[in-house]
Amino acid sequence: MTIHAVRPRSSRGGLATAGKFAVLGVAAFFTLAPVVWTLVTALAPSDPETGVTQVGLGAFRDVFAQIPVWIYTWNSALVTLIIALGQMLTAAMAGYVFARFDFRGKKLMFGLILATMMVPMQVTIIPVFMIVRGLGMADTLLALIVPMLPTAFGTFLMRQYFTGLPDELAEAAEIDGAGPWRVFFGVYLPLATPSLAIVGILAFNFHWNEFFRPLIMTISEENFTLPLGLVTLQGNLGTGSISTVLAGVVLSMIPAVLVFIFGQKPLREGLTAGSGK
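Conventions we followed
- Residues numbered from 1 in each chain as written.
- Predicted model: local features only at pLDDT ≥ 70, side-chain atom pairs only at ≥ 80, totals over all residues.
- Heavy atoms only, no water.
- UniProt positions renumbered as here; feature names shortened; annotations may be inferred.
- Helix = DSSP H or I, 4+ residues; strand = E, 2+ residues; numbered from the N terminus.
- Patch = residues over 30% accessible without salt bridge, like charges linked within 9 Å, V, L, I, M, F, W, Y side chains within 5 Å.
- Areas by Shrake-Rupley, 256 points an atom, 1.4 Å probe, with all protein chains shown as cover.
- Salt bridge = Lys/Arg side-chain N within 4 Å of Asp/Glu carboxyl O.
- Buried < 20%, exposed > 50% of the residue type's maximum accessible area, 1.4 Å probe, protein only.
- Core = buried A, V, L, I, M, F, W, Y, C linked by side-chain atoms within 4.5 Å.
- Contact = heavy atoms within 4.5 Å.
- pLDDT = per-residue confidence, 0-100.

In this section: the UniProt feature "transmembrane region" (unreviewed entry) in the chain. Within this structure's numbering, the places UniProt gives as "transmembrane region" (unreviewed entry) are residues 21-40, 77-98, 110-135, 141-162, 183-208 and 242-262. Each end of residues 77-98 is marked by a C-alpha atom, and these two atoms are 31 Å apart; helix forms 100% of the span and strand 0%. Note that residues 183-208 is 96% helix and 0% strand, and that its end C-alpha atoms are spaced 33 Å apart.

See below:
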């Protein structure tokens, strides 16, 4: 009889755990290395002529001296916040209608909304620009805000969340004399806070970093958003002062990082809200 050696399970489990940590470590390195390099280079610029490295905020001062950072930041903040709040409202209302009401063409309409998620923005940017120009909103912040107020993904997300809520909530509210609007705003909308947080956070992060649409929709410098305004810093690359460019990148990263840090808990709760239903 042949006796085969059996490796202890603890050893196999230890190797599996070590392998997982190794993979995560490699992924974390390639994810964080560019960010760390950007931050270090912005804080420790080297003189193009002498090559001497000096730690300080000189590169950030150069950014404020070369471009109107506060104007660009205000434009980005205004556009992003209005879009985020608008998408939260429109997605909640549309998702509630698709989840709680039956009407002719409901499935077809919802399918068409989902189909728009498959169309790249580059395909629709010219028709959208023509409509915006026809409405007299060309080269304004409204050209960036109005077309983005509806959201197909947000509508889908909110519809899925409202579908999981019990019908008895509406029935109880209607017995107490509540109308449709009161049922929505007073009963269902407060329960949808986790999913609303997802819509708002994702909208903020996407539109804060948006570059393509502002490039097409705006011409005047006073209407530039921060990502678009930072392009004017590229002239520093010819002088070897890459630290100034990267300092501008770091400034643009700060709001998105803060939103992710403070919005991490609501985002996690929103993603797991429907798992227990």
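Alright, that's what it looks like, and here's the rest.
This part takes up a nonpolar patch on the surface. Taken together, the side chains of Ile254, Val257, Leu258, Phe260, Ile261 and Phe262 define a hydrophobic patch exposed on the protein surface, amounting to about 590 Å² of accessible area. By the element assignment, Ile254 lies in helix H13 (residues 242-272). The class for Ile254 is partly exposed, based on a relative accessible area of 40%.

Moving on to the pattern of salt bridges. Here the structure, examined in full by the defined rule, presents three salt bridges. Salt-bridge contacts for Lys106 lead to Asp102; the nearest nitrogen and oxygen are separated by 3.3 Å. As a salt-bridge pair, Arg213 and Glu210 come within 2.6 Å of each other at their nearest N and O atoms. With relative accessibility at 7%, the residue Glu210 sits in the buried group.

Right, let's get into unusual backbone geometry. Even without a glycine there, the phi angle at Asp139 is positive, about 60°. In this structure, Asp139 sits in the loop between helix H5 (121-134) and helix H6 (142-145).

Okay, the nonpolar core next. Counting residues in hydrophobic clusters, the biggest one holds 20 residues, and the most contacted among them are Ala92, Tyr96, Met158, Phe162, Val183, Phe184 and Tyr188. Breaking this core down by element, the ones donating at least two residues are helix H3 (69-100), helix H7 (152-163), helix H8 (168-175), helix H9 (180-191) and helix H10 (193-208). Excluding anything up to four places from it in sequence, Met158 contacts Ala91, Ala92, Gly95, Ala192, Ser195, Leu196 and Val199. Core analysis: the next-biggest nonpolar cluster, separate from the first, contains 19 residues, Ile67, Tyr72, Phe204 and Leu226 among them.

Scored by pLDDT, the chain has a mean of 83; 86% of the residues are at 70 or more. When mean pLDDT is taken per element in the chain, H3 scores highest with 93 and H13 scores lowest with 79.

Tracing the chain through its elements places Thr218 in the loop between helix H11 (212-217) and helix H12 (226-229). Ignoring anything within four residues of it in the chain, the contact list for Thr218 reads Asp139, Thr140, Leu144, Asn223, Phe224 and Leu228.

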